[in-house]
Amino acid sequence: MRRLKAITASVVGFFALSVSVSAADFLIWVDDAHKLLGKPDVRFVDGDSPEKYKKGHVPGAVNAYAHDLHYLEDIRKCDGLPMCPDKAAEFIGKELGIDNNTTVIAYDDGRGPNASGVWFYLLLYGVKDVKMMDGGFATWESKGYEVEKGEGKKPAPKTFKVNVNRDMIATKEEVLKAVEDIKKHGKNSQYFILDARRFAEYTGKKLLDALEKPGKHITVARGGHIPGAVFFEWKKVAGNSKGKPGKHLFKPLKKLKRAFYKKLGKKGLTPDKTVITYCHVGLGRGSFIYAALKLVGHEKVKVYVGSWDEWGNTPELPIEK
């Protein structure tokens, strides 16, 4: 009991040593999130699969599975965006019931990647007040807070005006530029590419699928990784990779800094470099690493949202296995 009281302390204190980005900017502990439940200008968004959502979710929450917020067709059509702006505006406003004045709390089971995917997606399109629920649904449920099951009620549609923050993402053209720069300059390159997937994906032994367009999944054609990319599975920065109650999404700041600048520092990562993260669809493991880098104050970070779904399905792009 004493331990549970300790970990429910403000997340701001947990990351109090952050240099330029406070955890309070995009993390909110479960207890503080619960205080916002039922307020008309607040929307909870569950980033896990529809199956998990139906088994139990925050009352009134809408479901937006992070993995399915990425359409390969739109990425190719709209310069690297996971959805074309008009489609995103309709989805955010009409399907999620969010307008430009809504406070949004994105969450998942407590592991973190899916919450980060929803958080990143909404931030990318201009939602100003969006946070990840630190502790996740596992902690919410363990505290005895209200739980709703089933399909959930569809929210009243709202109008959302998109304002894309393009500096958050890298296109395949910029990634290709980074590949060439790393090939030429090695550890002295201005770029650093991080692959947040599992090792079996990185080596090309495991192929996953993703949405080409709504309702149509396709398996990636080629396995492997982007040349020069460093394997750095998302679990290396996760505070709760198994989704247990009472734990934070991210490791403490000191451990995050050690993971990035001591361990990856040996491979050439320094605070001044532009880091490009990716996974299979960008919105998940890749966005989770992005958030962790922001927590340690790393300014130049981008997510390659096309990720392996686009790269592995584009024959002319180089790969390594």
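Residues numbered from 1 in each chain as written. Predicted model: local features only at pLDDT ≥ 70, side-chain atom pairs only at ≥ 80, totals over all residues. Heavy atoms only, no water.

## Examining the sheet that holds strand E11 (residues 301-303)
Taken in spatial order, the four strands of this open sheet run E9-E6-E10-E11, and their pairing is parallel. With partners counted over all chains shown, the strands left at the sheet margins are strand E9 (230-231) and E11, one partner each. When strand E6 (residues 191-195) meets E9, the two strands line up parallel, connected through two bridges. What sits directly across from aspartate 195, in E9, is phenylalanine 231. Each of E6, strand E10 (274-278) and E11 is contacted by helix H12 (residues 285-295), which is oriented at about 170° to E11, the strand it contacts most. (Pairing = 2+ DSSP bridges. Helix = DSSP H or I, 4+ residues; strand = E, 2+ residues; numbered from the N terminus. Contact = heavy atoms within 4.5 Å. Axes fitted to C-alpha atoms, helices over the stretch in contact; angles between N-to-C directions.)

## So, the pairing of E10
Along E10, five of the five residues are buried, which leaves the element largely enclosed by surrounding structure. The alternating pattern of E10 places Thr274, Ile276 and Tyr278 and Val275 and Thr277 on opposite faces, both of which are buried. Here five bridges tie E6 to E10, and the two strands are oriented parallel to one another. Residue pairing across strands places phenylalanine 192 opposite valine 275, the latter belonging to E10. One ladder, built from three bridges, connects E10 with E11; its direction is parallel. Residue pairing across strands places isoleucine 276 opposite lysine 302, the latter belonging to E11. (Buried < 20%, exposed > 50% of the residue type's maximum accessible area, 1.4 Å probe, protein only.)

## Some details on H12
For H12, the tally of buried residues reaches 11 of 11 residues, placing the bulk of the element in the interior. Among the residues of H12, those classed as buried are Arg285, Gly286, Ser287, Phe288, Ile289, Tyr290, Ala291, Ala292, Leu293, Lys294 and Leu295.

## Notes on the state of the cysteines
Simply put, the disulfide is a covalent bond whose two ends are the sulfur atoms of two cysteines. A complete count under the given rule lists one disulfide for this structure. Covalently, cysteine 78 is tied to cysteine 84 through a disulfide, its sulfur atoms 2.0 Å apart. Taking the sign of the S-S torsion, about 95° here, the bridge from cysteine 78 to cysteine 84 comes out right-handed. On the basis of relative accessibility, which here comes to 16%, the residue cysteine 78 falls in the buried class. Looking at the unpaired cysteine 279, the closest cysteine sulfur is the one in cysteine 84, lying at 20 Å. For cysteine 279, a relative accessible area of 2% puts it in the buried group. (Disulfide = S-S within 2.5 Å.)

## A short note on the side chain of histidine 225
Topologically, histidine 225 is positioned in the loop between strand E8 (216-219) and E9. Within the structure, the side chain of histidine 225 is placed 2.8 Å from the backbone oxygen of tyrosine 202, a separation counted as a polar contact. In this structure, histidine 225 is in contact with Asp195, Arg197, Tyr202, Tyr278, Trp308, Ile319, Glu320 and Lys321, ignoring residues within four places of it in sequence. (Polar contact = N/O pair within 3.5 Å; in protein donor to acceptor, adjacent residues only side chain to side chain.)

## A word on the packing of aromatic side chains
With the rule as written, the count across this model stands at 15 aromatic pairs. On the basis of an interplanar angle of 40° and a centroid distance of 5.5 Å, the ring pair of phenylalanine 232 and phenylalanine 260 is categorised as tilted. Of this pair, phenylalanine 232 sits in the loop between E9 and helix H11 (253-263) while phenylalanine 260 sits in helix H11, placing them 28 residues apart in sequence. Overall, the relative accessible area of 3% leaves phenylalanine 232 in the buried class. Here a set of aromatic residues connected by ring pairs shows up, and it is made of Phe26, Trp119, Phe120 and Tyr290. (Phe/Tyr/Trp six-rings, centres within 6.5 Å; stacked < 30°, edge-to-face > 60°.)

## Digging into the nonpolar core
In this structure, Phe120, Tyr121, Leu122, Leu194, Phe250 and Phe260 are the most contacted members of the largest nonpolar core, which totals 62 residues. Core analysis: the second largest hydrophobic core is formed by 16 residues, Ile193, Ala229, Ile276 and Leu317 among them. (Core = buried A, V, L, I, M, F, W, Y, C linked by side-chain atoms within 4.5 Å.)

## Quick look at the pairing of strand E2 (residues 42-46)
Burial of E2 is extensive: five of the five residues sit out of reach of the surface. Residue alternation in E2 divides its side chains into two sets, Val42, Phe44 and Asp46 and Arg43 and Val45, and both sets are buried. Inspection of the sheet shows E2 paired to strand E4 (residues 103-107) by five bridges, in the parallel sense. Looking across to E4, one finds that aspartate 46 is bridged to tyrosine 107. The pairing of E2 with strand E3 (residues 62-63) spans two bridges and is classified as parallel. Across the sheet, aspartate 46 pairs through a bridge with asparagine 63, a residue of E3.

## Comments concerning the environment of alanine 196
Of note, alanine 196 is situated in the loop between E6 and helix H10 (199-202). Residue alanine 196 is classed as buried on the basis of its relative accessible area of 1%. Considered as a pair, alanine 196 and glutamate 233 are 37 residues apart in the sequence and their alpha carbons are 4.2 Å apart. Sequence-distant contacts of alanine 196, that is, excluding residues within four places in its chain, are made with Phe232, Glu233, Trp234, Tyr278, Arg285, Gly286 and Ile289.

## Some details on the packing of helix H7 (residues 113-124) against H12
Across the interface, H7 lies against H12 with an axial gap of 7 Å and an inter-helix angle of 80°. With respect to H12, the axis of H7 lies roughly perpendicular. When H7 is examined against H12, the residues Pro113, Ser116, Gly117, Trp119 and Phe120 are found in contact with a partner set consisting of Arg285, Ser287, Phe288, Tyr290 and Ala291. Residues of the contact of H7 with H12, tallied by class, amount to six nonpolar, three polar and one charged. (Parallel < 35°, antiparallel > 145°, perpendicular 65-115°, else oblique. Nonpolar A, V, L, I, M, F, W, Y, C, P; charged D, E, K, R; others polar.)

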